[in-house]
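Chain by chain, the residues:
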Amino acid sequence: MNCITTELLSIIIPVYNEEGNVRLLVEKIHTSLRDYHYEIVFIDDFSTDKTRKNIEELNDKKVHLICLKKNYGQSLALAAGIDYASGEYIVTMDGDLQNDPTDIPKMLKHILHNDFDVVTGIRVNRKDAFLKKIPSKIANTFIKYVTKVDIKDNGCALKIFTKSTAKDLKLYGEMHRFILLLAHFEGAQIKQIPVNHHTRNSGSSKYGLGRTFKVISDILLLLFIQKFFRRPIHLFGIMGVVMSFIGVFSILLRILFFWNTISENFSFIYEIMLVFGGVQCFTIGIVLELLMRTYYESQTKKPYKIKSIKVAQ
């Protein structure tokens, strides 16, 4: 293979309590990418073990360490790494050694020689526990059904983005799960290829069944952003007209046919209040999300704070 001298990779790796994996992961990356110019950017999401210390002790000029002030979660850790990255192509991967760095060169070929903005992995022979694979399968099917976007494995962390695509992504909350959908909504061309998947080397998984409900709520938010972000009146206007029609129609029926008992039975008022209360809660959630985005983007503020950045001299 010819050495690539004009392309620079930034490998973004969020880590949280991965003290037993970081050294071996760096060794594997060096072995797999010896023909490439690259930087490795670890984002320590306020680990409570020796993860940060083990990375610092590597004393490796290719390794950059971003230490967050508190535990922000994977989405904001990724955002911090992407903002810092200088590479023309940005690689994202997990720090648990389940992703295989040897897959990066073949993925890079697709993005270098074809007109793709993102190359993402499809985990073949996935080595996760049964209780982790089933919810993931259901989530991928549900996402495909509601968004009509044929992404087979949203949960694979191993991805390569062009610099412009990655830098344009807006990651808030827990949107790292839908980073491919966010790229797709921005017009990115996505290529999916099979990649290896390994059992976790050490440590424990940070995900459980409890994330299912978060996934559903995040999908609803994504659908709103995709369909109604620039024309919210199409959603709320139609909803308001329909609900108003139902309310007026119900009141007219009671006046016409149940006038004698209307003063004794006010249950319909409570029913209408419950319906409006549910809609109001959903609306408040969307409004708050949009206010948060406006707050950060209009003031060019970042939704995270960095404690320090260290590069070996």
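For the structure itself, consult the block above.
Computed from a prediction, not measured in an experiment: that's the story for all the values here.

Peer 1: Can you help me understand the nonpolar core in this one?
Peer 2: If you look at soluble globular proteins, the nonpolar side chains tend to sit buried side by side. Counting residues in each nonpolar core, the largest one holds 35 residues, and the members touching the most others are Ile12, Ile43, Leu68, Leu171, Met175, Phe178 and Leu181. Of all the secondary-structure elements, those providing two or more residues to this core are β2 (36-44), β3 (63-68), α3 (74-84), α7 (179-185) and α8 (211-228). A per-element tally of this core places α3 first, with six residues.

Peer 1: What exactly am I supposed to notice about the environment of valine 124 here?
Peer 2: Turning to its location among the elements, valine 124 is positioned in the loop between β5 (118-123) and α5 (130-147). Along the sequence, valine 124 and histidine 197 sit 73 residues apart, while their C-alpha atoms lie 6.4 Å from each other.

Peer 1: Help me out: how do you make sense of the environment of asparagine 21 in this one?
Peer 2: Relative to the helices and strands, asparagine 21 resides in the loop between β1 (4-15) and α1 (22-32). You can call asparagine 21 buried: its relative accessible area is 0%. For the pair formed by asparagine 21 and aspartate 96, sequence separation is 75 residues and the distance between their alpha carbons is 5.9 Å. Sequence-distant contacts of asparagine 21, that is, excluding residues within four places in its chain, are made with Gly95, Asp96, Leu97, Arg200, Asn201 and Ser202. There is a polar contact of 2.6 Å between the side chain of asparagine 21 and the side chain of glutamate 18.

Peer 1: In this structure, what is going on with the packing of aromatic side chains? I would like to understand it.
Peer 2: We describe a pair of aromatic rings using the distance from one ring centre to the other and the angle between the two ring planes. For the structure shown, the criterion picks out zero aromatic pairs. Residue placement shows lysine 62 over the ring face of tyrosine 38; its charged tip is 4.3 Å from the ring centre.

Peer 1: Help me understand a nonpolar patch on the surface, please; the structure alone is not making it clear to me.
Peer 2: A cluster of nonpolar side chains, namely Ile306, Ile309 and Val311, defines an oily patch on the protein surface of about 200 Å² accessible area. Along the chain, the position of isoleucine 309 falls in strand β8 (residues 306-311). Taking the relative accessible area as the measure of exposure, isoleucine 309 reaches 42% and is therefore partly exposed.

Peer 1: How should I be thinking about the pattern of salt bridges in this particular structure?
Peer 2: If charged atoms from side chains of opposite charge come close, those side chains can pair. Enumeration according to the criterion identifies eight salt bridges in this entry. Salt-bridge contacts for lysine 152 lead to aspartate 150; the nearest nitrogen and oxygen are separated by 3.5 Å. Taking relative accessible area as the criterion, aspartate 150 reaches 39% and is therefore assigned partly exposed.

Conventions adopted
Residues numbered from 1 in each chain as written. Predicted model: local features only at pLDDT ≥ 70, side-chain atom pairs only at ≥ 80, totals over all residues. Heavy atoms only, no water. Core = buried A, V, L, I, M, F, W, Y, C linked by side-chain atoms within 4.5 Å. Buried < 20%, exposed > 50% of the residue type's maximum accessible area, 1.4 Å probe, protein only. Helix = DSSP H or I, 4+ residues; strand = E, 2+ residues; numbered from the N terminus. Contact = heavy atoms within 4.5 Å. Polar contact = N/O pair within 3.5 Å; in protein donor to acceptor, adjacent residues only side chain to side chain. Phe/Tyr/Trp six-rings, centres within 6.5 Å; stacked < 30°, edge-to-face > 60°. Lys NZ or Arg CZ within 6 Å of the ring centre and 35° of its normal. Patch = residues over 30% accessible without salt bridge, like charges linked within 9 Å, V, L, I, M, F, W, Y side chains within 5 Å. Areas by Shrake-Rupley, 256 points an atom, 1.4 Å probe, with all protein chains shown as cover. Salt bridge = Lys/Arg side-chain N within 4 Å of Asp/Glu carboxyl O.

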